[in-house]
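# Examining the three-dimensional arrangement
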Amino acid sequence: MNIFTPVWGYKNQKLLKTALGKCLSWPKNKAAVKDATWHIVTDSELSANEAWQTILSLGIGNRVSFYISPLLARPDTDKGVLILNELLKVIETCLTTNEPLLMATPDFIYGEGTIDAFKKAGNKPGSCVAIPHIRVCPEITDQLSSASPGNDQLVAIALKNAHISWTDSEDTTEDSRTYRSAILWRKLQDKLYSVQHVMPSPFFVNFLKEDLDYLKIPHDNRLPGFGAWDHKWPKYLIEQGRRRIIGSSDVALMVEVTDHDANVPPLDPPNKPATFF
């Protein structure tokens, strides 16, 4: 298995330690990634070394490839284009070695056992596995210990630290943000929720050659960028009958650490359609 992780700057380096790295050091996840090759995209050798030392100290890796692009440190560059260029190289590696890819940016927290669930759900050639997930506020990282919580416990922690994109997307909320959040949830009973999630992106991928070709295509009159992974490619996978969804948080769970003022969907328009944007 290959793991793709873009990481540079203080914020992402910290999240690598406190979010992604911590959850992958939980016993089941740690065993699932122990033979993986990490592909770290960063802006300098110093940053690359810092990230790799974090991974080594947590015992979650022993093989690595670095992709260093100094332009990532410049505020005036399109980072999405740069990251995709490096991702395309990793996809070529996956196709050559016939290995899947785990998308693992530093702000992800995977529930214990999730990586194994990915492997089982996405073991066929061309299968691409997604989990409808919740955004949470950064304070959650202070509430995670080195001992792995059960997925039910992690759900509870996530809900206590839920981002506004979640809290304002309840089915019964009058002033909601569901039209642009792509989320609609309802509490069914104590500790049980139903969730509609229109944009679950793939996180565990068994590539086909045509994926490499697709991700090189410009969209919306823009150069091919990393945003296509979330916003364009999933539709293609659905049309091909290749996307797999894990719909139970007991089986697999992922939360995404998001700043309070980031990715805030606007309030729904007064006469919104009965659908999602």
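An account of the accompanying structure is given in this report. (Residues numbered from 1 in each chain as written. Predicted model: local features only at pLDDT ≥ 70, side-chain atom pairs only at ≥ 80, totals over all residues. Heavy atoms only, no water.)

## Considerations on the pattern of salt bridges
- Scanning the entire structure with this criterion turns up 12 salt bridges.
- Asp 35 is paired through a salt bridge with Lys 34; the nearest N and O atoms lie 3.1 Å apart.
- In this structure Asp 35 comes out as partly exposed when scored by relative accessible area, which is 47%. (Salt bridge = Lys/Arg side-chain N within 4 Å of Asp/Glu carboxyl O. Buried < 20%, exposed > 50% of the residue type's maximum accessible area, 1.4 Å probe, protein only.)

## Some remarks on the nonpolar core
- The biggest cluster of nonpolar side chains holds 75 residues, and the ones touching the most others in it are Ile 109, Tyr 110, Phe 118 and Trp 233.
- Aside from chain neighbours lying at most four places away, what touches Phe 118 is Leu 102, Tyr 110, Val 129, Ile 131, Phe 203, Phe 204 and Ile 246. (Core = buried A, V, L, I, M, F, W, Y, C linked by side-chain atoms within 4.5 Å. Contact = heavy atoms within 4.5 Å.)

## Looking at the pairing of strand E12 (residues 254–257)
- Taking every second residue as pointing to the same face, both faces of E12 are buried, with Met 254 and Glu 256 on one and Val 255 and Val 257 on the other.
- Inspection of the sheet shows strand E5 (residues 108–110) paired to E12 by three bridges, in the antiparallel sense. When the sheet's bridge partners are listed, Phe 108 is paired in E12 with Glu 256. (Helix = DSSP H or I, 4+ residues; strand = E, 2+ residues; numbered from the N terminus. Pairing = 2+ DSSP bridges.)

## Some words on the layout of surface pockets
- Estimated volume of the largest pocket: approximately 1600 Å³.
- Forming the boundary of the largest pocket are 48 residues, of which Arg 135, Met 199, Asp 230, His 231 and Asn 263 lie nearest the centre.
- Secondary-structure elements contributing two or more residues to the lining of the largest pocket are helix H1 (9–24), helix H4 (79–97), helix H8 (178–181), helix H10 (227–231), helix H11 (233–239) and E12.
- Examining the composition of the lining of the largest pocket, we find that four residues originate from one element, H10, more than from any other.
- Per-class residue counts for the lining of the largest pocket are 25 nonpolar, 12 polar and 11 charged.
- What the second largest pocket holds in volume is close to 730 Å³.
- What lines the second largest pocket is a set of 27 residues, and nearest its centre among them are Val 155, Tyr 193, Val 195, Ser 249 and Leu 253.
- In terms of residue count, the dominant contributor to the lining of the second largest pocket is strand E9 (residues 192–197) (six residues).
- Of the residues belonging to the lining of the second largest pocket, the class tally is 15 nonpolar, seven polar and five charged. (1 Å grid on protein atoms, 1.4 Å probe; cavity = no way out; pocket = protein on both sides within 12 Å on 5 of 7 lines; lining within 4 Å. Points joined across faces, edges and corners; volume = space filled by probe spheres on them. Nonpolar A, V, L, I, M, F, W, Y, C, P; charged D, E, K, R; others polar.)

## Concerning the sheet that holds strand E11 (residues 243–245)
- The mixed open sheet is built from seven strands, whose spatial order is E3-E2-E1-E4-E10-E6-E11. Each having just a single partner strand, strand E3 (64–68) and E11 make up the two edges of the open sheet. Between one strand axis and the next, the sheet turns by 25° as a mean value, whatever way the strands run.
- Pairing between strand E1 (residues 2–6) and strand E4 (residues 101–103): three bridges, direction parallel. Bridging from a neighbouring strand, Ile 3 pairs with Leu 102 of E4.
- Contacts from helix H3 (residues 45–58) reach strand E2 (37–42) and E3 within the one sheet, and its direction differs from that of E2 by about 145°. (Axes fitted to C-alpha atoms, helices over the stretch in contact; angles between N-to-C directions.)

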